[in-house]
Amino acid sequence: MKTSVSPESTSPEFPVPEVVCIGETMALVTPTDAALSQSREASIGLAGAESNVAAGIVAAGHRAAWASRLGADALGARVSSELARRGIQLWTENDEDAPTGVMFKDPGADGSSVYYYRRGSAASRMTSGFLGADRLEGIRIVHTTGITPALSPSCRAMVDQLFTDARAAGALVSFDVNDRRPLWSLEDAADTLARLANAADIAFVGRDEAERVWGTATASEIRAFLPGCALLIVKDGDVGATAFSGDSDSVFVPAPTVEVVEPVGAGDAFAAGFLAATLEDRPLADRLQAGHDAAARVLRIAADMPPIG
């Protein structure tokens with residue numbers, strides 16, 4: 001496996017980021033004139049939960065890095081250039097033997113379908129120790145999602161070690177459950193996602209996905225199921241979000257009314273808004289509101305990230 005390292009991952013001229021987000025970003029192909037099976041034209045963008053969060057944190061005025069592996073190919077170069085253009089530091093390796101992942105979106109009247117071409121991708125080859133404790137010195141928050149351990153056994157081991165290394169470096173561990181049903185079995189997902197969410201310092205989970213994966217129907221049931229997480233955020237769509245800290249304390253903030261164009265990316269934006277407010281040591285209610293405000297900006301557009309500027 002031949003790799004090369006992004007200059008930004010080693011250069012002293014870049015200030016230490018406050019947040020590092022680890023996970024796969026793929027090229028996203030979306031038809032622009034018809035359904036995917038009939039389209040003659042398409043746009044190429046990016047799709048990656050963790051890089052979405054990094055972009056939102058930078059947009060909120062903080063320093064963030066995105067860490068991953070990309071193919072040494074044109075799509076990998078496109079991912080890198082777009083994220084760098086948004087002011088995100090790139091902590092990446094380029095793999096000459098594995099490709100950048102690709103995702104196709106098929107928009108329809110009843111919602112969009114997605115098709116992944118990411119098996120064997122460069123990102124799926126991340127291994128334990130990809131980011132060691134020494135590399136994470138000075139980082140305040142390390143963020144990843146439940147998508148990353150679903151990519152491969154080596155990625156699952158990497159995330160387990162990441163939790164240990166982040167804490168050794170003095171960083172908080174942030175984990176968004178972000179269940180992706182096509183990537184792994186329900187049994188594997190349920191066990192691994194519960195273990196990681198319960199071990200996180202900050203965990204985000206949608207009430208609906210928790211019910212789908214664990215059978216927990218309410219925010220209180222989710223908290224009882226994940227008692228070990230220091231700060232648990234349960235998102236309930238257009239109802240609102242509840243933050244649980246300690247054994248019994250909880251704060252609820254209702255979601256704003258939004259005319260939704262497309263929901264994709266809103267959960268990542270919420271996490272970014274919440275984490276940015278956490279960096280500012282704002283009260284829990286303010287952090288939840290910051291998450292809602294960031295999500296609302298994405299819900300109003302047909303893209304995962306707001307346009308630059």
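In what follows, the structure referred to is the one given above.
Residues numbered from 1 in each chain as written. Predicted model: local features only at pLDDT ≥ 70, side-chain atom pairs only at ≥ 80, totals over all residues. Heavy atoms only, no water.

(A) Inspection of the pairing of strand β5 (residues 64-71) at higher detail. Taken across its eight residues, β5 has eight buried, putting it largely inside the fold. Because side chains alternate across β5, one face comprises the buried residues Ala64, Trp66, Ser68 and Leu70, and the other comprises Ala65, Ala67, Arg69 and Gly71, equally buried. Bridging between strand β2 (residues 19-22) and β5 involves four bridges; their strand directions are parallel. Across the sheet, the residue bridging to isoleucine 22 is alanine 67, located in β5. Pairing of β5 with strand β6 (residues 89-95) involves seven bridges; the strand directions are parallel. Considered in β6, the bridge of arginine 69 is made with glutamate 93. Crossover β5 to β6 through helix α2 (residues 74-85) is right-handed. (Buried < 20%, exposed > 50% of the residue type's maximum accessible area, 1.4 Å probe, protein only. Helix = DSSP H or I, 4+ residues; strand = E, 2+ residues; numbered from the N terminus. Pairing = 2+ DSSP bridges. Right-handed = clockwise from strand over helix to strand, strands pointing away.)

(B) Highlighting the sheet that holds strand β8 (residues 113-117). Here we have four strands laid out as an open sheet, ordered β4-β3-β7-β8, and mixed in their pairing. This sheet does not close on itself; its edge strands, each paired only once, are β4 (42-47) and β8. The average angle at which neighbouring strand axes cross in this sheet is 25°, direction not considered. Sheet analysis places strand β3 (residues 26-31) next to β4, joined by six bridges and oriented antiparallel. (Axes fitted to C-alpha atoms, helices over the stretch in contact; angles between N-to-C directions.)

(C) Focus on helix α1 (residues 49-59). By the criterion of burial, α1 is predominantly enclosed, with nine of the eleven residues buried. Listed as buried for α1 are Ala49, Glu50, Ser51, Asn52, Val53, Ala54, Ala55, Ile57 and Val58. Tucked into the core, α1 has its buried residues touching β2, β5, α2, β9 (141-145), α3 (147-150) and α8 (266-279). At the exit of α1 stands glycine 61, carrying a positive phi of roughly 95°. (Contact = heavy atoms within 4.5 Å.)

(D) Just the nonpolar core, in detail. In terms of nonpolar packing, the biggest core is built from 46 residues, with Ile22, Leu131, Leu136, Trp214 and Leu232 touching the most fellow members. Each residue touching tryptophan 214, except ones within four places of it in the same chain, is listed here: Val177, Ala190, Leu193, Ala194, Val205, Phe225 and Leu226. By size, the runner-up hydrophobic cluster in this structure holds 36 residues, among which are Leu70, Val253, Ala272 and Leu284. (Core = buried A, V, L, I, M, F, W, Y, C linked by side-chain atoms within 4.5 Å.)

(E) View of the environment of glycine 76. With respect to the element layout, glycine 76 can be found in helix α2. Overall, the relative accessible area of 3% leaves glycine 76 in the buried class. Each C-alpha atom of the pair glycine 76 and alanine 122 lies 9.6 Å from the other, and the pair is 46 residues apart in sequence.

(F) Expanded view of the environment of threonine 32. Here threonine 32 is to be found in the loop between β3 and β4. Sequence-wise, threonine 32 and alanine 42 are ten residues apart; in three dimensions their C-alpha atoms are separated by 5.0 Å.

(G) Geometry of the pattern of salt bridges. Evaluated as defined, the whole model comprises 15 salt bridges. One salt bridge connects aspartate 176 with lysine 235, and the closest N-O pair in it is separated by 3.9 Å. Taken together, the positions of aspartate 176 in strand β10 (residues 172-176) and lysine 235 in strand β12 (residues 231-236) put the pair 59 residues apart, joining distant regions of the chain. Pair check on accessibility: aspartate 176 and lysine 235 agree, each one buried. Here the salt bridges share partners, and the residues they tie into one network are Arg69, Glu93, Asp95 and Arg125. (Salt bridge = Lys/Arg side-chain N within 4 Å of Asp/Glu carboxyl O.)

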